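Chain and residue survey
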Amino acid sequence: GIAWLRVETDPHTGLNKGYAFTILSTPESTADLLSRKSPTLRGLPIGVSVWKDPKDYLQEKDRVLKRKVFVKRLAANNTEDDLLQYFSRYGKIEKVEVKRSHFDNTSRRIGFVIFEREEDATVCLEEKLHLLNEREIICKKCKNTAEARKEKLNASNPNETFDSSRVHSATF
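Numbering of residues begins from 1 in every chain and follows the order in which that chain's sequence is written. Whole-chain, interface and lining totals are the exception, using all residues; otherwise, since this is a predicted model, local features are given only for residues with pLDDT of at least 70 and side-chain atom pairs are given and counted only at 80 or more. Excluded from the side-chain calculation are hydrogens and water; included are all heavy atoms of the structure.

Regarding a nonpolar patch on the surface
Residues qualify for a patch when their relative accessible area is over 30% and they have no salt bridge, like charges being joined within 9 Å and the nonpolar side chains of Val, Leu, Ile, Met, Phe, Trp and Tyr within 5 Å. Using a 1.4 Å probe, accessible areas were evaluated by the Shrake-Rupley method; residue-level cover was limited to the displayed protein chains. What makes a salt bridge here is a side-chain nitrogen of Lys or Arg within 4 Å of a carboxyl oxygen of Asp or Glu, nothing more. Nonpolar side chains collect at one region of the surface, where Trp 4, Tyr 19, Phe 21, Ile 23 and Trp 51 lie side by side and expose about 560 Å² of accessible area between them. Per the convention used, a helix needs a DSSP run of H or I reaching at least four residues, while a strand needs a run of E reaching at least two, with both numbered from the N terminus. Relative to the assigned elements, Phe 21 resides in strand E2 (residues 16–24). Here Phe 21 falls in the partly exposed class, since its relative accessible area comes to 31%. Type-normalised accessible area, obtained with a 1.4 Å probe on protein chains alone, sets the label of each residue: buried when under 20%, exposed when over 50%, and partly exposed for intermediate values.

Focus: the environment of Lys 143
Along the polypeptide, Lys 143 turns up in strand E9 (residues 135–143). C-alpha separation for the pair Lys 143 and Lys 66, spaced 77 residues apart in sequence, amounts to 7.8 Å. Polar contacts, as used here, are pairs of N or O atoms within 3.5 Å; protein pairs need one atom able to donate a hydrogen and one able to accept it. Residues neighboring in sequence count only if both atoms are side-chain atoms. Polar side-chain contacts of Lys 143 include one of 2.6 Å to the side chain of Glu 151.

Things to note about the side chain of His 130
Here His 130 shows up in strand E8 (residues 130–132). What makes His 130 buried here is its relative accessible area of 2%. Here the side chain of His 130 touches Tyr 86 through a polar contact of 2.8 Å, side chain to side chain. A distance of 3.1 Å separates a polar side-chain atom of His 130 from the backbone oxygen of Glu 127. Note on contacts: a residue pair qualifies if any of its non-hydrogen atoms lie within 4.5 Å across the two residues. The residues contacting His 130, other than those within four sequence positions of it, are Tyr 86, Tyr 90, Cys 124, Arg 135, Glu 136, Ile 137 and Cys 139.

Some thoughts on unusual backbone geometry
Of note, the phi angle at Asn 133 is positive, near 55°, even though the residue is not glycine. Turning to its location among the elements, Asn 133 is positioned in the loop between E8 and E9. The phi dihedral of Glu 134 is positive, around 65°, even though this residue is not glycine. Looking at where Glu 134 falls in the secondary structure, it is placed in the loop between E8 and E9.

Structural notes on the side chain of Ser 107
Considering the arrangement of structural elements, one finds Ser 107 in strand E7 (residues 107–115). Under the relative-accessibility criterion, Ser 107 is labelled buried at 15%. Engagement of the side chain of Ser 107 in a polar contact is seen with the backbone nitrogen of Arg 109, the distance being 2.8 Å. Non-local contacts of Ser 107, meaning those with residues more than four positions away in its chain, are made with Ala 75, Ala 76, Val 98, Lys 99 and Arg 100.

Encoded structure:
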């Protein structure tokens, strides 16, 4: 059963934002819900995840950032498969993403590559020239907000770093 529930609502419209937080009454209830392959609420599919302590979340995010490479100057027709094929030469890839416009799904000509190992991302970043389909692309190390802000203040060229926290991923 449910011990506590809070449905998030928009303060201006009063409409729900499409997500909620809950605490289940027993560890068994939690385990049961998390073990379901396709949980539903009133017949509609829902996503379920465990809330993480902010400190744990930030530590995990920092670990991922060490393996994450920002890619810019992509051609408009570059795909995730193109990135996967090119960057696989440096090591195993966990995830690739080409950022797209929410309005018309066209490429924003930037992307991200997350390597399975930090060492592979480092080797990729040490290489100065990257050519994807005969086009030069630029690869940068992703940094957390604090690192990017500090480097921007100290850098002679403010475009030397990329703050990945400014680009949001949305899943619908």
